[in-house]
Amino acid sequence: SGYTLNELVGNPHNMIRHKDMPKWAFEDLWKTIKSGKMWKGIVKNRTKNGGYYWVKANVYSSKNSDGSLRYISARVKPTRDEINKAILAYQNIVGKNAF
């Protein structure tokens, strides 16, 4: 993303959220993981220099040994086909001019 570790640590993850991403996608993410289920999706993130990149995100909640809740996110590079399908799905919901 172009950010340093110091710029990321302690800041909300949405600092790399791309403006094209619909808010409902992240509302669904939080609703899903708070219910104890895993959320999977293709996400468009922004870079520090104004560009963007796509990730396939797998997010879930877990408990620490002290019982406190933590969130775990594993992200990998999606295939071009997965990106194209995500773009089409988002455009069908938010409008053809998005993305």
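First, a word on scope: everything that follows refers to the structure included in this document. (Residues numbered from 1 in each chain as written. Predicted model: local features only at pLDDT ≥ 70, side-chain atom pairs only at ≥ 80, totals over all residues. Heavy atoms only, no water.)

### Concerning a nonpolar patch on the surface
Phase 1 of the analysis: Together, Trp 24, Ile 93 and Val 94 give the surface a local cluster of nonpolar side chains, amounting to about 280 Å² of exposed area.
Phase 2 of the analysis: Take Trp 24: it is sitting in helix H2 (residues 23-34). (Patch = residues over 30% accessible without salt bridge, like charges linked within 9 Å, V, L, I, M, F, W, Y side chains within 5 Å. Areas by Shrake-Rupley, 256 points an atom, 1.4 Å probe, with all protein chains shown as cover. Salt bridge = Lys/Arg side-chain N within 4 Å of Asp/Glu carboxyl O. Helix = DSSP H or I, 4+ residues; strand = E, 2+ residues; numbered from the N terminus.)

### Quick notes on the nonpolar core
Phase 1 of the analysis: Membership of the largest hydrophobic core comes to 16 residues, with the highest contact counts inside it found for Met 21, Trp 39, Val 43, Trp 54 and Val 59.
Phase 2 of the analysis: Contributions of two or more residues to this core are made by H2, strand E1 (39-46), strand E2 (52-63) and helix H3 (80-94).
Phase 3 of the analysis: Once residues lying within four places of it in the same chain are set aside, the contact partners of Val 59 are Leu 29, Ile 33, Lys 37, Met 38, Trp 39, Ile 72, Ser 73 and Arg 75. (Core = buried A, V, L, I, M, F, W, Y, C linked by side-chain atoms within 4.5 Å. Buried < 20%, exposed > 50% of the residue type's maximum accessible area, 1.4 Å probe, protein only. Contact = heavy atoms within 4.5 Å.)

### Looking at the layout of surface pockets
Phase 1 of the analysis: Counted as a void, the largest pocket has a volume near 240 Å³.
Phase 2 of the analysis: Put simply, the parts of the chain that give the lining of the largest pocket at least two residues each are H2 and strand E3 (69-76). (1 Å grid on protein atoms, 1.4 Å probe; cavity = no way out; pocket = protein on both sides within 12 Å on 5 of 7 lines; lining within 4 Å. Points joined across faces, edges and corners; volume = space filled by probe spheres on them.)

### Side note on the sheet that holds E2
Phase 1 of the analysis: Spatially, the three strands line up as an open sheet ordered E1-E2-E3, and their pairing is antiparallel. Strand pairing shows two members of the sheet lacking a second neighbour, E1 and E3, which therefore form its edges. Across the sheet, the mean angle from the axis of one strand to that of its neighbour is 40 degrees, orientation sign disregarded.
Phase 2 of the analysis: Here eight bridges tie E1 to E2, and the two strands are oriented antiparallel to one another. In the sheet register, Asn 45 faces E2, and the bridge partner there is Tyr 53.
Phase 3 of the analysis: This element, H2, spans E1, E2 and E3 of the sheet and lies at about 140 degrees to E1. (Pairing = 2+ DSSP bridges. Axes fitted to C-alpha atoms, helices over the stretch in contact; angles between N-to-C directions.)

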